[in-house]
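One-letter residues, chain by chain:
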Amino acid sequence: MEDIITKKTSVTTAPQERAFLVAVVAKESTDRWRVEDSLAELAQLAGTAGVEVAGELTQRLHTPSKIHYLGKGKLEELISLKDNTSYNVVIFDDELSPIQQRNLEEILKVKVIDRSALILDIFGRRAKTREGQLQVELAQHQYLLPRLVGQWSHLERLGGGIGTRGPGERQIETDRRLIRQKIHRLKAQLEEVRKHRALYRQRRKKSGTPVVAIVGYTNAGKSTLLNTLSQADVFVEDKLFATLDPITRRITLPDNHAILITDTVGFIHKLPPTIVSSFRATLEELSEADILLHVVDLTSHNAAEQCQTVEDILADLGLADKPRITALNKIDLLLDRDKTWDEETAIKDLADERAPLDEDTVLISAGKGWGLTRLLELVSHALDDISRPSS
Ligand SMILES: Nc1nc2c(ncn2[C@@H]2O[C@H](COP(=O)(O)OP(=O)(O)OP(=O)(O)O)[C@@H](O)[C@H]2O)c(=O)[nH]1
Ligand SMILES: [Mg+2]
């Protein structure tokens, strides 16, 4: 059982994996991400998982094929590229159906995984606390359950022969039952974690200290901001999903009021649905917050798409109407390197140059500590608005 789980949700068991990345642009898709950008991000995810990228390929299709996902010609191209690029795993940018995955593995004769499995693999390595580990395990098992069917008939077809059919089918049932039992147990354990968190939040609420939750795309600088604001020592890294577990610190605003500020898991384009449902305990921290502080990496050329992705996920979580402050981060990287800038001129120059900022948006550099006074003023104002709602 463990073997199957590892095979389906881990990409880095072999010594060095060389991945070929594949994306299909469906003509009817309403996704605002350009396929090149989505693939570049997939490469970044592969890098975070320690996988080398051997090459990439895209195809425009009306709808992806239900059998092989790719069209026939592209599939042949992919096979012909194997010798030159020596890839030993293929990663698809969309979630594959169990049948597509199995068929592709049979034709390509290498491991085939999808973006969801890759993200689950990274989450698996990043989870440090019991809560994080339970949530990732739940997501992995939920991802795995519908994929078991292919697993055994795949083995049968490779092994073939008399007598394999019956036991194989019985084996699927046994494995499915075991996985369902495991999902059931994980859910029960997570329910305990949720209750504990809820109790803790209740106590926090009684104390009357407002809570601000930092949200944003992965690698936007959320943990860096928490560190700078609270002199905390949260792990920061230029890789994806450095943070999985929520962490809360107490800080004092310029108006001398105390607030609690929480840093949580980042979001990403095509975040696997099993992650969203499994991370309920963690994500409930967001729904309990008084204000969401959305940190955006202004230097990313996909800043707009990243913002939209975060907003879409927040809307899915029912948080679209939660009071929001937006902090456009990493402005230090946008400045002329030959000049020495101070905080005030840096912000003024950028604000003049960029589109006018609305009253809930600030320019900051979490790394350099720029713009944070203004940011905390906005937090104070927003909290005042909440405690004194306009009639
Ligand atoms: N130059 C510059 N780099 C920054 C700034 N803020 C964050 N970074 C860098 O951006 C990278 C990601 O920062 P994190 O704070 O780990 O980002 P995060 O949003 O917590 O990311 P996840 O936990 O992975 O979702 C790190 O290499 C940081 O040093 C900034 O204001 N300026
Ligand atoms: Mg972080």
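Up top is the structure these notes are about.
Summary of the structure given here. (Residues numbered from 1 in each chain as written. Chains lettered and ligands numbered in written order. Predicted model: local features only at pLDDT ≥ 70, side-chain atom pairs only at ≥ 80, totals over all residues. Heavy atoms only, no water.)

It is worth spelling out the overall build of the chain at this point. For the chain, the count of helices and strands is 14 helices and 10 strands. The buried share among the 391 residues of the chain stands at 50%. Across the chain, every contact between residues at least 6 apart in sequence was considered, and the portion connecting residues at least 24 apart equals 72%. Surface exposure of the chain reaches about 19,200 Å², of which carbon and sulfur atoms provide 50%. (Helix = DSSP H or I, 4+ residues; strand = E, 2+ residues; numbered from the N terminus. Buried < 20%, exposed > 50% of the residue type's maximum accessible area, 1.4 Å probe, protein only. Contact = heavy atoms within 4.5 Å. Areas by Shrake-Rupley, 256 points an atom, 1.4 Å probe, with all protein chains shown as cover.)

Across the sheet, which stays open at both edges, the 6 strands sit in the order β6-β7-β5-β8-β9-β10 with mixed pairing between neighbours. Because the sheet does not close on itself, it has two edges, and the strands there are β6 (247-252) and β10 (361-363). Strand-to-strand twist across the sheet, computed as the mean angle between neighbouring axes with direction ignored, equals 25°. Alignment of β6 against strand β7 (residues 258-263), held across 6 bridges, turns out to be antiparallel. If you follow I247 over to β7, its bridge partner there is D263. Contacts from helix α12 (residues 303-316) reach β5 (211-216), β8 (291-297) and β9 (324-329) within the one sheet, and its direction differs from that of β8 by about 155°. (Pairing = 2+ DSSP bridges. Axes fitted to C-alpha atoms, helices over the stretch in contact; angles between N-to-C directions.)

Secondary-structure assignment places H294 in strand β8. Put simply, H294 and T326 are 32 residues apart on the chain and 4.7 Å apart in space, counted from C-alpha to C-alpha. What H294 contacts, discounting residues up to four positions off in sequence, is V215, G216, C307, V310, E311, R324, I325, T326 and A327.

Let's shift gears to the coordination of the magnesium ion (ligand 2). Every protein donor of the magnesium ion (ligand 2) is listed here as S223 (OG) and T243 (OG1), and their distances to the metal cover 1.9 to 2.1 Å. With S223 in helix α9 (residues 222-230) and T243 in the loop between α9 and β6, the pair connects residues that are 20 residues apart, well separated along the chain. In this pair, the class of S223 matches that of T243, namely buried. (Donors = N, O, S within 2.8 Å, 3.2 Å for Na, K, Ca; no water.)

By themselves, these figures tell us nothing about what the structure is for.
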